[in-house]
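# Coordinate analysis (summary)
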Amino acid sequence: MDLLQLILMLGQFTGIVDTQKIQPKDNPAQELNRVNQSQISTFRGKLIYEAIPPVMSLRAYQGEEFFLITDTSKQNRLILRPSLQVSHTKLQSFHHQQVEITAKYVQGTRPNLAETACPLDADGQCMTQGEGYQVLSIALLKPHAQ
């Protein structure tokens, strides 16, 4: 019996886990292949930097301070993240500029509730943090290229 089976069995026995709600996942190897095939995408829009206030807040927890507005009529905003290729300072320098970026989507992580203080989701687990588009390159768009 592996650890997951033991946890599920104990959870069901104590009433914490409802096995009727547990959905089987795809083969883990298939899931890993899907993650490895994540695409690098190109986006154009206006980069916005919003400094995170020094107070405990959901936005501070999630670390969301860079956004790309791709459709001004709908205010579609992509969350941008710095990378080794494009630093935090470099992203800040493009504030309120029309840019073209190449980026890779990264999923957020969920900290362990026992190890950290965090905002909770509806299931009583730590909310995810770090989700967004990791910027691999950025270029200023010329006014006529908008």
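Okay, so let's go over this structure. (Residues numbered from 1 in each chain as written. Predicted model: local features only at pLDDT ≥ 70, side-chain atom pairs only at ≥ 80, totals over all residues. Heavy atoms only, no water.)

### Side note on the nonpolar core
The condition that has to hold: Grouping buried Ala, Val, Leu, Ile, Met, Phe, Trp, Tyr and Cys residues that are joined through side-chain atoms within 4.5 Å yields what is termed a nonpolar core. Throughout this description, buried means an accessible area under 20% of the type-specific maximum (1.4 Å probe, protein chains only), exposed means over 50%, and partly exposed covers the range between. Under the DSSP-based scheme used, a helix requires at least four consecutive residues in state H or I and a strand at least two consecutive residues in state E, with every element numbered from the N terminus. Contact criterion: two residues are considered in contact whenever any of their non-hydrogen atoms come within 4.5 Å of each other.
Counting 15 residues, the largest nonpolar core has Leu47, Leu68, Leu80, Ile101 and Ile138 as the members making the most contacts within it. The set of elements that each furnish at least two residues to this core consists of β1 (40-49), β2 (66-71), β3 (76-81), β4 (97-106) and β5 (132-140). Discounting chain neighbours no more than four positions away, the residues touching Ile138 are Leu47, Val86, Lys90, Leu91, Phe94, Val99, Glu100 and Ile101.

### Description of unusual backbone geometry
Despite not being glycine, His96 has its phi angle at roughly 65°, a positive value. For His96, the location among the structural elements is in the loop between α4 (88-93) and β4.

### What to know about the sheet that holds β2
Rules: Paired strands, as defined in this entry, are two strands with at least two bridges between them according to DSSP. Throughout, an axis means a line fitted to C-alpha atoms (over the contacting stretch in the case of helices), and angles, computed between N-to-C directions, take values from 0 to 180 degrees.
With respect to topology, 5 strands assemble into a closed barrel ordered β1-β2-β3-β5-β4, the strand pairing being mixed. Neighbour-to-neighbour, the strand axes of the sheet open up by a mean angle of 55°, direction not taken into account. As judged from the 8 bridges shared by β1 and β4, these two strands associate in the antiparallel manner. Paired with Ile40 across the bridge in β4 is Lys104.

### Some points on the side chain of Glu65
As a reminder, the rule being used: In this count, Lys and Arg are taken as positive residues and Asp and Glu as negative ones, while His and the chain termini are left out. Only one rule defines a salt bridge in this text: a Lys or Arg side-chain nitrogen within 4 Å of an Asp or Glu carboxyl oxygen. For the purposes of these results, a polar contact is taken to be a pair of N or O atoms within 3.5 Å, where, inside protein, one atom must be able to donate a hydrogen and its partner to accept one; residues adjacent in sequence count only when each atom of the pair is a side-chain atom.
Here Glu65 lies in the loop between α3 (58-62) and β2. Buried Glu65, no salt bridge; nearest opposite-charge side chain is Arg59, N-O distance 6.4 Å. Separated by 2.8 Å, the side chains of Glu65 and His88 make a polar contact. Apart from the residues within four sequence positions on either side, Glu65 is in contact with Ile48, Tyr49, Glu50, Ile52 and His88.

### Quick notes on the pattern of salt bridges
In the structure shown here, the tally under the stated rule is 3 salt bridges. As a salt-bridge pair, Arg77 and Glu50 come within 3.3 Å of each other at their nearest N and O atoms. Here Glu50 lies in the loop between β1 and α3 and Arg77 lies in strand β3, a separation of 27 residues in the sequence. By relative accessible area, which is 39% here, Arg77 ends up partly exposed. Glu50 gets classed as partly exposed once you look at its relative accessible area, which sits at 28%. The closest approach of N and O atoms between Asp121 and Arg110, which form a salt bridge, is 2.8 Å. Here the residue Asp121 occupies a position in the loop between β4 and β5, and Arg110 occupies one in the loop between β4 and β5, the gap between them amounting to 11 residues. The partly exposed category is assigned to Arg110, whose relative accessible area is 45%.

### Here we look at the packing of aromatic side chains
Quick note on the threshold: Any Phe, Tyr or Trp ring, taking Trp's six-membered ring, that has another such ring centre within 6.5 Å forms a pair; planes under 30 degrees apart are called stacked, those over 60 apart edge-to-face, and the others tilted.
Under the counting rule described, the total for this entry stands at 3 aromatic pairs. Here Tyr49 and Phe66 contribute two aromatic rings whose centre-to-centre distance is 5.1 Å and whose plane-to-plane angle is 35°, an arrangement assigned as tilted. Taken as a pair, Tyr49 in strand β1 and Phe66 in strand β2 lie far apart in primary sequence, 17 residues in all. Taking relative accessible area as the criterion, Phe66 reaches 0% and is therefore assigned buried. Arranged with centres 5.3 Å apart and planes meeting at 65°, the rings of Tyr105 and Tyr133 form a pair that is edge-to-face. One end of the pair, Tyr105, is in strand β4; the other, Tyr133, is in strand β5, and 28 residues separate them in sequence. One aromatic cluster in this structure is built from Phe43, Tyr105 and Tyr133.

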